Amino acid sequence: VQVMKKFLITISIILSSIISYYLFEIVTAYNATPQIKEAFLSNSHINIRFNELTERQQEILIKVQDPNFWNHKGIEFSTPGSGWTTITQTIAKWFYFHPFKPGISKIKQSLLARFVLHYQVCKEDQILIFINHVWFDHNVTGFRNAAIHFYKKDIGELSENEFISLVAMPVKPKKYNI
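Residue numbering note: each chain is counted from 1, following its sequence as written. The model is predicted, so local features are restricted to residues of pLDDT at least 70 and side-chain atom pairs to those at 80 or more, both for listing and for counting; the totals for chains, interfaces and linings are taken over all residues. Heavy atoms from the whole structure form the basis of all side-chain values; hydrogens and water molecules are not counted.

Q: Describe the overall build of the protein chain, listing the residues and the values that go with them.
A: A run of H or I in DSSP counts as a helix once it spans at least four residues, and a run of E counts as a strand once it spans at least two, with each numbered from the N terminus. Along the protein chain, the regular secondary structure elements total seven helices and zero strands. Mapped from its N terminus to its C terminus, the protein chain presents α and β elements in the order α-α-α-α-α-α-α. Taking the principal axes of the C-alpha coordinates as reference, the protein chain spans close to 75 × 30 × 30 Å. Sequence separation of at least 24 residues holds for 56% of the intrachain contacts in the protein chain that already meet a minimum separation of 6. Charged residues are defined here as Lys and Arg on the positive side and Asp and Glu on the negative side; His and the ends of the chain fall outside this count. One atom stands in for each charge, and that atom is NZ of Lys, CZ of Arg, CG of Asp or CD of Glu. Charged side chains of the protein chain number 19 positive and 14 negative; the gap between the two group centres comes to 13 Å. Two residues qualify as a contact provided that any one of their heavy atoms is within 4.5 Å of a heavy atom in the partner residue.

Here's what the structure looks like:
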């Protein structure tokens, strides 16, 4: 009985510590997010708006990167998208991790996407941040820059297949490099 009691107390302490850690991380991120968001949305970092993409390009982007983007609350498990990482989780990685290390960090990334970004960054701003900051190979960021770098064309001049190739690249930029 004593051993079981000590075991339960130990488990309770460990779980309390883990919960406290993640609550602290969520509160810290929540307080920092407005400033981080403004930096990502500053005019010097935005060179394309979502409505500058054709309707078909918008449709392709969402279907490939995050099929349930407009409906989920930061995390999504029913549609794999790009490796079960939503656009919101990708932004969480950019906002709060320097650098992001896969593994246990995925838990924190998911919690921050769900409980911070979902509430503080509207979907329109999330997609704006994503299309302007997503990393391609050769230190190219953003879809407009990628279109110019890889195809020597503006985003609106790309064929559907060219655009699809750009949308696929961020999943694994080195492997799917044009």
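Q: Now, about the nonpolar core: what can you tell me, with residues and values included?
A: Looking at soluble globular proteins, one finds that nonpolar side chains tend to be buried together. Grouped together as the largest cluster of nonpolar side chains are 44 residues, with contacts concentrated most on Leu61, Phe95, Tyr96, Phe136, Phe143, Phe163 and Leu166. Where this core is concerned, the elements lending two or more residues are helix H1 (2-40), helix H2 (55-65), helix H3 (87-96), helix H4 (105-120), helix H5 (123-133), helix H6 (143-151) and helix H7 (160-168). Among the elements that line this core, the one with the most residues is H3, at six residues. Put simply, a nonpolar core is a bunch of buried Ala, Val, Leu, Ile, Met, Phe, Trp, Tyr and Cys residues held in one set by side-chain atoms that sit within 4.5 Å of each other. Buried residues are those whose accessible area, probed at 1.4 Å on protein chains only, stays under 20% of the maximum for their type, while exposed residues exceed 50% and partly exposed ones sit between those limits.

Q: Account for the pattern of salt bridges, with residues named and values stated.
A: In a structure, side chains of opposite charge can pair up when their charged atoms sit close to one another. Put simply, a salt bridge is a Lys or Arg side-chain nitrogen that is within 4 Å of an Asp or Glu carboxyl oxygen. Scanning the model with the defined rule gives seven salt bridges in all. Notably, a salt bridge pairs lysine 153 with glutamate 162, separated by 2.9 Å at the nearest N-O pair. In this structure lysine 153 comes out as partly exposed when scored by relative accessible area, which is 27%. Look at the salt bridges and you will find they share partners, linking Arg56, Glu59, Lys63 and Glu160 into a network.

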